[in-house]
Amino acid sequence: APALRRQAYDALIDLVLQEADVVRAVKLLVDERALPDGVVEPEALDSRLREVIAQSDDPTALESVFEAFPGRFPGDLSLFRAAQLYGGRGEGFHQERLLRKFLAVFPTHERTADAKIQLETNRTRVRSSRYVIGLPLPYQGDLQPYATSILRGVQLAIEQGRTGLPDQFLGLAVKDYGGDSSRIGATIDELIKEYRCIAVLGPVLSREMSLLASRTQQW
């Protein structure tokens, strides 16, 4: 019976939220919303979906919600919230990665203007650094785990390197070349043109060394 199913959904949702399982909670709320009209109140469930997403502090889980509901609600809110969380943690690369995805998937969304403003703010902040180091990463495909470790290591080194230096003295610009070696040259061009990098770190694979070295040498 639909009314009994609604009660079961409500109980399950409360349980998974106690476990902080945002992905399962959102999926259950979406399933409950599909019950017949008169049994559930869609607007109330939409409000609860927004509340669950807004209260989540796990950007990885929110990315999983977007993957479960790409191109539609609540995937849009989850993707934007994840980008905000990364920004609050100072992880500009991940924030930019998700904001670019948001703009590509939701070009006419009501938060599109906010996403564009945040992207430009991030770029301006990095450009204002006296010295900028570029970091091209293969943040897609099989090399993503290595790219993640490299990014964390470089971010730590940059933070240590800033100790005792004036604000905006040293910046880090990161771009994803998608694990496609043929895109390394263009990625280097973008990094240097956009951020005036004085150095580039990398690559991940030894076979890419000649590509990166020759391109940076041209600059």
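Coordinates for the structure precede this section.
The present account deals with the structure reproduced in this document. Bear in mind the structure is a predicted one, so any value in this text is a computation, not a measurement. (Residues numbered from 1 in each chain as written. Predicted model: local features only at pLDDT ≥ 70, side-chain atom pairs only at ≥ 80, totals over all residues. Heavy atoms only, no water.)

Overview of the pairing of strand 1 (residues 131-137)
Moving on, step 1. Most of strand 1 sits out of view: six of its seven residues are buried.
Moving on, step 2. As paired elements, strand 1 and strand 2 (residues 170-176) share seven bridges and run parallel to each other. Residue Y131 lies in a different strand from strand 2, and its bridge partner there is L170.
Moving on, step 3. As for the winding sense of the linkage, the β-α-β connection from strand 1 through helix 8 (residues 144-161) to strand 2 is right-handed.
Moving on, step 4. Pairing of strand 1 with strand 3 (residues 199-200), which is carried by two bridges, proceeds in the parallel orientation. Across the sheet, the residue bridging to G134 is V200, located in strand 3. (Buried < 20%, exposed > 50% of the residue type's maximum accessible area, 1.4 Å probe, protein only. Helix = DSSP H or I, 4+ residues; strand = E, 2+ residues; numbered from the N terminus. Pairing = 2+ DSSP bridges. Right-handed = clockwise from strand over helix to strand, strands pointing away.)

Brief notes about the side chain of D76
Moving on, step 1. Within the fold, D76 resides in helix 5 (residues 75-88).
Moving on, step 2. Of the buried charged residues, D76 lacks a salt bridge, with R50 as the closest side chain of opposite charge at 7.3 Å.
Moving on, step 3. Setting aside its immediate chain neighbours within four residues, D76 contacts F102, F106 and H109. (Lys, Arg positive; Asp, Glu negative; His and termini not counted. Salt bridge = Lys/Arg side-chain N within 4 Å of Asp/Glu carboxyl O. Contact = heavy atoms within 4.5 Å.)

What to know about the pattern of salt bridges
Oppositely charged side chains are able to pair whenever their charged atoms sit close together.
Moving on, step 1. Counting across every chain of the model gives 13 salt bridges.
Moving on, step 2. With a closest N to O distance of 3.4 Å, R6 and D10 form a salt bridge. One end of the pair is R6 and the other is D10, both in helix 1 (residues 2-18) and four residues apart, which spans about a single turn.
Moving on, step 3. Between E194 and R123 there is a salt bridge, and its shortest N-O distance comes to 3.6 Å. In this pair, E194 is assigned in helix 9 (residues 184-195) and R123 in helix 7 (residues 112-127), connecting sequence segments 71 residues apart.
Moving on, step 4. A relative accessible area of 14% means that R123 is categorised as buried.
Moving on, step 5. Among the charged side chains, a salt-bridge network with shared partners connects E120, R123, R127, K175 and E194.

Function-wise, these values are silent; they only describe arrangement.
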